[in-house]
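# Chains, contacts and geometry: an overview
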Amino acid sequence: MNYKYRLGNYLKAKNNSKNIITLTTFAILPLVMYFVINYKANMIIFIISLTIYLVIEKIIKNITKSEEKILIKDYYIYYSLINVLIIPYNIPLMKLVMISIISYILYKVLNKKTNVSLIVFTFIVLLVFQVNITTACLFVNKVEIGLLIAYLITLIFLYIIDYKINISYFVTIFIYLLINSFVSNDYLDVLSILSPVYVMFTLFIINDNNKINPTKYGRNLIGVLIGLFTIILCEININNYQVIALIVVSLLYYFIEKIIIWQNQLYIKKST
């Protein structure tokens, strides 16, 4: 089974890669539509990102004369929809174009070595360009009934398609917020766990397109590590701490995978 083009946590998925990506793309739609209606999420970002990804992919395939069939329609629609949520709606046009081009080229060049998703590269380039990502829909703090309904629709859909949610990240952050609420006597603080940044990371982002993803152990390890890095960076007042934590752990995927393989081999030797 080739997990390279699988998005999300599909340990027991019965679908092929194309169907998985198509279904995951549909699962994002309720959240995207909520932010388009309520928070000026800019669908121009979707159109420009999708166009750039398809054009660059076509150029690369022509230059390399590659016959590899990458799931163009669904694969890039998925990432372009995610960009609607992570790229600020009021970003200047030229910055949007440059960020889309550079992040995609980095992804194509480095992904086979780092196994880091396009989402992570987009975050990296946004930070390098000094874009204020806290104005993106992902960082909306207000949790309304409409957002909760969008969450519920998405969760029901993910359950139906047998999507394995990485709950370890969510639980790690929740425990931290719960402890903080007891310490500060501000029990409403724990409700910030429902902020889109934590929900979207849990559902769609933190396990996107990495080799560790198919195993339960790997999913839990990645979730806990990103959660712990998030807490540490928050405590030392680092800006964009959720995103920085994601980037740091994602760049360590290669080494984490090697450690897991080494542990497995050691276990096999001991048991034999």
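See the structure above.
Structure report, in brief.

The rules behind these values
Residues numbered from 1 in each chain as written. Predicted model: local features only at pLDDT ≥ 70, side-chain atom pairs only at ≥ 80, totals over all residues. Heavy atoms only, no water. Axes fitted to C-alpha atoms, helices over the stretch in contact; angles between N-to-C directions. Helix = DSSP H or I, 4+ residues; strand = E, 2+ residues; numbered from the N terminus. Parallel < 35°, antiparallel > 145°, perpendicular 65-115°, else oblique. Left-handed = near helix turned anticlockwise from the far one by under 90°. Contact = heavy atoms within 4.5 Å. Nonpolar A, V, L, I, M, F, W, Y, C, P; charged D, E, K, R; others polar. Phe/Tyr/Trp six-rings, centres within 6.5 Å; stacked < 30°, edge-to-face > 60°. Buried < 20%, exposed > 50% of the residue type's maximum accessible area, 1.4 Å probe, protein only.

## Things to note about the packing of helix α9 (residues 216-235) against helix α10 (residues 241-251)
Helix-helix packing: each pair is described by the crossing angle between the helix axes and the interaxial distance. Where α9 contacts α10, the two axes come as close as 8 Å, and the packing angle between them is 135°. Judged by the inter-axis angle, α9 sits oblique to α10. For the crossing formed where α9 meets α10, the hand is right-handed. Between α9 and α10, the contacting residues are Ile222, Leu225, Ile226, Phe229, Thr230, Leu233 and Cys234 on the first element and Tyr241, Gln242, Ile244, Ala245, Leu246, Val248 and Val249 on the second. Its residues placed into classes, the contact of α9 with α10 shows twelve nonpolar, two polar and no charged.

## As for the packing of aromatic side chains
Within this structure, the stated rule accounts for twelve aromatic pairs. Aromatic pair tyrosine 53 and tyrosine 76: ring centres 6.2 Å apart, planes at 55°, arrangement tilted. Of the two residues, tyrosine 53 is situated in helix α2 (residues 43-64) and tyrosine 76 in helix α3 (residues 72-86); the sequence distance between them amounts to 23 residues. Each member of the pair, tyrosine 53 together with tyrosine 76, is buried.

## Some thoughts on the packing of helix α6 (residues 145-160) against helix α8 (residues 196-205)
Put simply, α6 and α8 touch, their axes get as near as 12 Å, and they point 5° apart. It follows that α6 is roughly parallel to α8 by the angle criterion. Between α6 and α8, the residues in contact are Leu147, Tyr151, Thr154, Leu155 and Leu158 and Pro196, Val199, Leu203 and Phe204, respectively. Split into classes, the residues belonging to the contact of α6 with α8 amount to eight nonpolar, one polar and no charged.

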